[in-house]
Amino acid sequence: MSDLILRDVDEYLIQKLTAQATAQGTSVEEYAKTVLTSQTPPPKRLSRAELVRKADEFRKKVGPQKTDSTQLIREDRDSR
């Protein structure tokens, strides 16, 4: 998990969060995480069908690959 630091927060907001956290019987940090989580929807997970459709769209966009990766790897290795 990452940390979040908020600077220059209005004192009124700190007091209000502290009061609400106390009323909930929790810490300000835990209460703030609950508020942020409730306001942020979870990421949308694509279904297998959607992933396949997106992969097909990408293949159509880039077209067939005409390079031999073996040759590219050899060229890269030989250049060192």
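Residues numbered from 1 in each chain as written. Predicted model: local features only at pLDDT ≥ 70, side-chain atom pairs only at ≥ 80, totals over all residues. Heavy atoms only, no water.

**Things to note about the overall build of the protein**
Part 1 of the reasoning: A tally of regular secondary structure across the protein gives four helices and zero strands.
Part 2 of the reasoning: For the protein, the α and β elements follow one another from N to C terminus as α-α-α-α.
Part 3 of the reasoning: Computed over C-alpha atoms, the radius of gyration of the protein comes to 26 Å, more than 25% over the 12 Å expected from 2.2 N^0.38 for 80 residues, which places it beyond the range of a compact globule.
Part 4 of the reasoning: In terms of overall dimensions, the protein has a C-alpha envelope of 65 × 40 × 20 Å along the principal axes.
Part 5 of the reasoning: Taking all 80 residues of the protein together, 2% fall into the buried category.
Part 6 of the reasoning: As presented, the protein carries roughly 8,100 Å² of accessible surface, and 54% of it is formed by carbon and sulfur atoms.
Part 7 of the reasoning: Distance between charge centroids for the protein: 10 Å, based on 15 positive and 13 negative side chains. (Helix = DSSP H or I, 4+ residues; strand = E, 2+ residues; numbered from the N terminus. Rg over C-alpha atoms; globule rule 2.2 N^0.38 Å. Buried < 20%, exposed > 50% of the residue type's maximum accessible area, 1.4 Å probe, protein only. Areas by Shrake-Rupley, 256 points an atom, 1.4 Å probe, with all protein chains shown as cover. Lys, Arg positive; Asp, Glu negative; His and termini not counted. Charge placed at Lys NZ, Arg CZ, Asp CG, Glu CD.)

**What to know about helix H1 (residues 11–24)**
Part 1 of the reasoning: Here H1 is 14 residues long and its end C-alpha atoms lie 20 Å apart, about the 20 Å a rise of 1.5 Å per residue gives.
Part 2 of the reasoning: Immediately beyond the C-terminal end of H1, within one or two residues, lies Gly 25, with a positive phi of roughly 75°. (Expected span 1.5 Å × (residues − 1).)

**Topic: a nonpolar patch on the surface**
Part 1 of the reasoning: Taken together, the side chains of Leu 4, Leu 6 and Leu 36 make up a nonpolar region of the molecular surface, amounting to roughly 350 Å² of accessible area.
Part 2 of the reasoning: Mapped onto the elements of the fold, Leu 4 is located in the segment before H1. (Patch = residues over 30% accessible without salt bridge, like charges linked within 9 Å, V, L, I, M, F, W, Y side chains within 5 Å. Salt bridge = Lys/Arg side-chain N within 4 Å of Asp/Glu carboxyl O.)

**Some words on the pattern of salt bridges**
Part 1 of the reasoning: Applying the stated criterion across every chain yields a total of five salt bridges.
Part 2 of the reasoning: Residues Glu 57 and Arg 53 are paired through a salt bridge, measuring 2.7 Å at the closest nitrogen-oxygen approach. Here the residue Glu 57 and the residue Arg 53 both occupy positions in helix H3 (residues 48–62), the gap between them amounting to four residues, near one helical turn.
Part 3 of the reasoning: A relative accessible area of 45% places Glu 57 in the partly exposed class.
Part 4 of the reasoning: Assessed through its relative accessible area of 42%, Arg 53 is described here as partly exposed.
Part 5 of the reasoning: With its nearest N and O atoms 2.6 Å apart, the salt bridge here joins Arg 80 to Asp 76.
Part 6 of the reasoning: The exposure class of Asp 76 is partly exposed, given its relative accessible area of 39%.

**Regarding the environment of Ala 32**
Part 1 of the reasoning: Counting through the fold element by element, Ala 32 comes out in helix H2 (residues 28–38).
Part 2 of the reasoning: Residue Ala 32 is classed as partly exposed on the basis of its relative accessible area of 26%.
Part 3 of the reasoning: Ala 32 sits eleven residues away from Ala 21 along the chain, and the two C-alpha atoms are 8.2 Å apart.

**A closer look at unusual backbone geometry**
Part 1 of the reasoning: Here Asp 8, not a glycine, exhibits a phi torsion of approximately 55°, which is positive.
Part 2 of the reasoning: Here Asp 8 is to be found in the segment before H1.

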